[in-house]
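# Structural description and commentary
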Amino acid sequence: SRQLVRDSLLLRRSRLSFDLPETPDGSQCSISFDATYQIFPFPIQSPQAKALLADLDLLSHLDIRVTRLVPLASLDASLLFGVPIVVQASFESDYAQFHEMQALVRSLFGTLQQRELALLLRGKGAGKNNSGNGLFPFMTEQYFVLIAQESPRAPSSGLLFRIAGVDQLLTEAISPAE
């Protein structure tokens, strides 16, 4: 019974969508991901678990923009925080669109992996939909880094990490140690 509850929590998904930057020929496309947690580090009934799930739900309310491409070597791992979020191509309205989205996602992650790059993303707008139940209450702007999951072939999934900002660093500094 406990395993069934844990499995159902790990199956919970949120939709994450954003526009890719315009190409030199002027074309642009949107990309959609299903986001979920591959690991769940908290007891199922804990307040932290509820906050983690609320936080995942908030992702679908963010207005996500690609800020820039960054070399993986330039990322400061000490600023990555939270539980990594696994992203995969989202199921679209029919299988033909879903297969197109899968191809687009594989192409994106394959390029990121081959060139050892990550996407720096900015999300705005969750604060107006956040009732303070998530891990990051009342934040109106968050930064993320999206990297390809290591794969010998073209990767079909990636990892989304939050990047700590001033608000998170100050909260950590003044929070009592647990």
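Heads up: the structure comes first, above all this text.
Overview of the structure. These numbers come from a predicted model, not from an experiment. (Residues numbered from 1 in each chain as written. Predicted model: local features only at pLDDT ≥ 70, side-chain atom pairs only at ≥ 80, totals over all residues. Heavy atoms only, no water.)

### Points about the overall build of the protein chain
A tally of regular secondary structure across the protein chain gives four helices and seven strands. In sequence order, the protein chain lays out its α and β elements as α-β-β-α-β-β-α-β-β-β-α. Within the protein chain, the proportion of its 178 residues that are buried is 39%. Long-range pairs, those at least 24 residues apart, make up 68% of the contacts in the protein chain with a sequence separation of at least 6. Summed over all atoms, the accessible surface of the protein chain reaches about 10500 Å², with 54% contributed by carbon and sulfur. (Helix = DSSP H or I, 4+ residues; strand = E, 2+ residues; numbered from the N terminus. Buried < 20%, exposed > 50% of the residue type's maximum accessible area, 1.4 Å probe, protein only. Contact = heavy atoms within 4.5 Å. Areas by Shrake-Rupley, 256 points an atom, 1.4 Å probe, with all protein chains shown as cover.)

### Re the nonpolar core
Across soluble globular proteins, nonpolar side chains show a tendency to be buried alongside one another. Residues F18, F33, V87, L146 and L160 are the most contacted members of the largest nonpolar core, which totals 32 residues. For this core, the elements supplying multiple residues, two or more each, are β1 (14–19), β2 (30–37), α2 (47–59), β4 (80–89), α3 (95–115), β5 (117–124) and β6 (141–148). A total of six residues in this core trace back to one element, the largest contributor, which is α3. Excluding anything up to four places from it in sequence, F33 contacts S14, R15, L16, F18, V87, Q88, A89, S90, V105, L108, F109 and L146. In terms of nonpolar packing, the next biggest core, distinct from the first, is built from nine residues, V70, V86, V145 and L159 among them. (Core = buried A, V, L, I, M, F, W, Y, C linked by side-chain atoms within 4.5 Å.)

### Points about the layout of surface pockets
Of the voids in this model, the second largest pocket is the one considered here, and its volume is about 370 Å³. In this structure, the second largest pocket is lined by 17 residues; those nearest its centre are L20, P21, T23, L108 and T111. Of the residues contributing to the lining of the second largest pocket, the split by class is 10 nonpolar, five polar and two charged. (1 Å grid on protein atoms, 1.4 Å probe; cavity = no way out; pocket = protein on both sides within 12 Å on 5 of 7 lines; lining within 4 Å. Points joined across faces, edges and corners; volume = space filled by probe spheres on them. Nonpolar A, V, L, I, M, F, W, Y, C, P; charged D, E, K, R; others polar.)

### A few points about unusual backbone geometry
Residue E116 is not a glycine yet carries a positive backbone phi of 55°. Assignment of secondary structure puts E116 in the loop between α3 and β5.

### Quick word on the pairing of strand β7 (residues 157–163)
Taken across its seven residues, β7 has seven buried, putting it largely inside the fold. By the alternation rule, side chains of β7 split into S157, L159, F161 and I163 and G158, L160 and R162, which are all buried. Two strands pair when backbone bridges link them, and β4 and β7 are joined in this way by six bridges, in the antiparallel orientation. Among the inter-strand pairings, I85 is bridged to a residue of β7, identified as L160. Pairing of β6 with β7 involves six bridges; the strand directions are antiparallel. Bridged to A148 within β7 is G158. (Pairing = 2+ DSSP bridges.)

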